[in-house]
Amino acid sequence: MESYLIAVATMVLIYALLAIGLNLQYGETGLINFGHVAFFALGAYASGLLSLRGWPWPVTFAVSAAVAALSALPLGLAALRLREDYLAIVTLGFSETVRIVLQEEKQWTNGVQGVPGIPKLYASWGGEVSSHLLVATLLAAVAGAAWAVHALKSSPFGRLLRAIRDNEEAVIALGKDPARYKIQVFMVGAALAGVAGAFYAHFLTFISPEQFVPLVTFYVWMGLILGGVGSMRGALGGTLLLVAFLEGSRFLRDLLPGVAEVQMASVRLAVVGLAIILFVLYRPQGLFGPRDHRGS
């Protein structure tokens, strides 16, 4: 039971990193990113493949963040020319392009066979100790990311981001250039997703393209909406609630005889979808967001 709880805690923290990055992009700047899983995948593959070549994990994590951030640069440039709805479509297409490349580029990624044997973090310490150390490292990473984003929000840079989100034309009229700020935010959010991907690869020790489908991105969106967009409490609390529900609902099969696992998965998504509709209608600020749903 302890191993299961540690695994759930690990996934909660990995999704929390993803949510912090996405919340920075959308909650603070208004950039709709439906391709967040692409940076997650790039970070996982970068760290996983390099670690198999003997690179130490701190270096592979840094490379994962850099690869994800640099891959976000063209999307950041696209964000300057596209309306919100078109940007959402482009980012979704980008994530599927990345997944297909990972699937077809067998020489480097082993294609659909995936990448096995990725070393666990702290493997030399033994199974139980290494799992605890992984959770502690993840917790420190999430705390550091949350603190850094909170400090950014409280700075003039953060106030400018919210101004871009609320009224970009007014920002331009004041002589500011939103372009470079949008690009920077896209790259920072992608870097956080890349680090989350690196943790994911070393946690599972096996990665394949099928693990990085668009549903991962929408899980992060679900957590944000349920918790509260634009709020750090919302990003973290919503992620915790979503993962707790998705995992806890697995045990409902014992109470519902005759319901297959595939059917239960559909029921879970239907319940989450209904909850999101109700939240959008009756509590748009989310469970943990401030009264003003724009956040603070």
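### Comments concerning the overall build of the chain
Counting its secondary structure elements, the chain contains 12 helices and zero strands. Helices (α) and strands (β) of the chain occur, in sequence order from the N terminus, as α-α-α-α-α-α-α-α-α-α-α-α. Relative to the 2.2 N^0.38 estimate, which gives 19 Å for 296 residues, the radius of gyration of the chain is 19 Å and therefore close to what a compact globule would have. Of all 296 residues assigned to the chain, the portion counted as buried reaches 49%. If you take every contact in the chain between residues at least 6 apart in sequence, the share linking residues at least 24 apart comes to 77%. Of the roughly 14,200 Å² of accessible surface on the chain, a fraction of 67% belongs to carbon and sulfur atoms. Here the chain contributes 20 positively and 17 negatively charged side chains, and the mean placements of these two sets differ by 6 Å.

### Let's talk about the nonpolar core
Leu-17, Phe-39, Phe-40, Phe-199, Ile-207 and Phe-212 are the most contacted members of the largest nonpolar core, which has 78 residues in total. Broken down by element, this core gets its largest block of residues, 14 residues, from helix α9 (residues 178–204). The residues touching Phe-212, leaving out its near neighbours within four places in the chain, are Val-37, Phe-40, Ala-41, Ala-44, Tyr-45, Arg-99, Tyr-200 and Ile-207.

### A closer look at the side chain of Asn-23
Its place among the elements puts Asn-23 in helix α1 (residues 2–28). Once you skip the residues sitting within four places of it in the chain, Asn-23 turns out to touch Glu-28, Leu-224, Val-229, Gly-230, Ser-231, Met-232 and Ala-235.

Definitions and cut-offs
Residues numbered from 1 in each chain as written. Predicted model: local features only at pLDDT ≥ 70, side-chain atom pairs only at ≥ 80, totals over all residues. Heavy atoms only, no water. Helix = DSSP H or I, 4+ residues; strand = E, 2+ residues; numbered from the N terminus. Rg over C-alpha atoms; globule rule 2.2 N^0.38 Å. Buried < 20%, exposed > 50% of the residue type's maximum accessible area, 1.4 Å probe, protein only. Contact = heavy atoms within 4.5 Å. Areas by Shrake-Rupley, 256 points an atom, 1.4 Å probe, with all protein chains shown as cover. Lys, Arg positive; Asp, Glu negative; His and termini not counted. Charge placed at Lys NZ, Arg CZ, Asp CG, Glu CD. Core = buried A, V, L, I, M, F, W, Y, C linked by side-chain atoms within 4.5 Å.

By themselves, these are just geometric observations and shouldn't be taken as functional.
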